[in-house]
Amino acid sequence: QVQLVESGGGLVQAGGSLRLSCAASGRSFSSYAMAWFRQAPGKEREFVAAISWSVCNTYYADSVKGRFTISRANAKNTIYLQMNNLKPEDTAVYYCAGDLHIIRTTTRPSELDYWGQGTQVTVSS
């Protein structure tokens, strides 16, 4: 079992930056692939970024490539999402997710075992 708690969301102007954190508790965190998804009002939850357990592989949605960076610190049981040059269309609730299997851009939310409660990110124009 893995419990996930996100933090770091907030209100920021377009062009600004935020860093989200996801703290994990439970055993074997370093064995899990981790990812960030987001869900805007009236829309389906969508993939944002993922990182393998070994940190060797990262994956990004085209809409955030070059602006967002996912990272993890296994010693701290934490993953991060550095978000730069934020746009109003990035406004959403951001969720941290984990799974023992690899997470890629095409992974559906229903395929993942563990989720956090989400943190709101609002980007004003």
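The present account deals with the structure reproduced in this document.

Procedures and definitions
Residues numbered from 1 in each chain as written. Predicted model: local features only at pLDDT ≥ 70, side-chain atom pairs only at ≥ 80, totals over all residues. Heavy atoms only, no water. Helix = DSSP H or I, 4+ residues; strand = E, 2+ residues; numbered from the N terminus. Rg over C-alpha atoms; globule rule 2.2 N^0.38 Å. Buried < 20%, exposed > 50% of the residue type's maximum accessible area, 1.4 Å probe, protein only. Contact = heavy atoms within 4.5 Å. Areas by Shrake-Rupley, 256 points an atom, 1.4 Å probe, with all protein chains shown as cover. Lys, Arg positive; Asp, Glu negative; His and termini not counted. Charge placed at Lys NZ, Arg CZ, Asp CG, Glu CD. Pairing = 2+ DSSP bridges. Axes fitted to C-alpha atoms, helices over the stretch in contact; angles between N-to-C directions. Disulfide = S-S within 2.5 Å. Phe/Tyr/Trp six-rings, centres within 6.5 Å; stacked < 30°, edge-to-face > 60°. Lys NZ or Arg CZ within 6 Å of the ring centre and 35° of its normal.

## A closer look at the overall build of the protein
Part 1: Looking only at helices and strands, one finds zero helices and eleven strands in the protein.
Part 2: Starting at the N terminus and ending at the C terminus, the protein contains elements arranged as β-β-β-β-β-β-β-β-β-β-β.
Part 3: The C-alpha atoms of the protein give 13 Å as radius of gyration, which agrees with the globular expectation for 125 residues (14 Å, within 12%).
Part 4: The burial tally for the protein puts 45% of its 125 residues in the buried class.
Part 5: For the protein, restricting intrachain contacts to residue pairs at least 6 apart in sequence, the fraction spanning at least 24 positions comes to 59%.
Part 6: Accessible surface, the protein: about 6500 Å² in total, of which carbon and sulfur atoms supply 48%.
Part 7: Averaged over its 12 positive side-chain charges, the protein has a centre that lies 6 Å from the centre of its 9 negative ones.

## Some words on the pairing of strand 3 (residues 18–26)
Part 1: By the bridge criterion, six bridges tie strand 1 (residues 2–7) to strand 3 in an arrangement that is antiparallel. Looking at strand 3, one finds that Val5 is bridged to Ala23.
Part 2: Two elements, strand 3 and strand 8 (residues 78–83), share six bridges in a ladder whose sense is antiparallel. By the bridge assignment, Leu20 is partnered in strand 8 with Leu81.

## So, the sheet that holds strand 3
Part 1: One open sheet holds the four strands; their spatial order is 1-3-8-7, and the pairing between them is antiparallel. Each end of this open sheet is capped by a strand with a single partner; those strands are strand 1 and strand 7 (68–73). Neighbour-to-neighbour, the strand axes of the sheet open up by a mean angle of 15°, direction not taken into account.

## Describing the state of the cysteines
Part 1: If you walk through the whole model with that rule in mind, you get one disulfide.
Part 2: The disulfide bridge from Cys22 ends at Cys96, spanning 2.1 Å between sulfur atoms. Its S-S torsion of about -75° marks the bond between Cys22 and Cys96 as left-handed, since a negative value means left-handed. Of this pair, Cys22 sits in strand 3 while Cys96 sits in strand 9 (residues 92–99); the two residues are 74 residues apart in sequence, bridging distant segments of the chain.

## Digging into the packing of aromatic side chains
Part 1: Inspection of every chain in the model, using the stated rule, returns four aromatic pairs.
Part 2: Ring centres of Phe37 and Trp115 lie 5.2 Å apart, and the angle between their planes is 65°; this geometry places the pair in the edge-to-face category. In this pair, Phe37 is assigned in strand 4 (residues 33–39) and Trp115 in strand 10 (residues 114–115), connecting sequence segments 78 residues apart.
Part 3: With a relative accessible area of 25%, Trp115 lands in the partly exposed category.
Part 4: Among the aromatic residues, those joined into a ring-pair cluster are Phe37, Phe47, Tyr95 and Trp115.
Part 5: Seen from the ring of Trp115, Arg45 lies directly overhead, with NZ or CZ sitting 4.8 Å from the centre.
Part 6: The ring of Phe29 carries Arg72 above its face, with NZ or CZ at 4.7 Å from the centroid.

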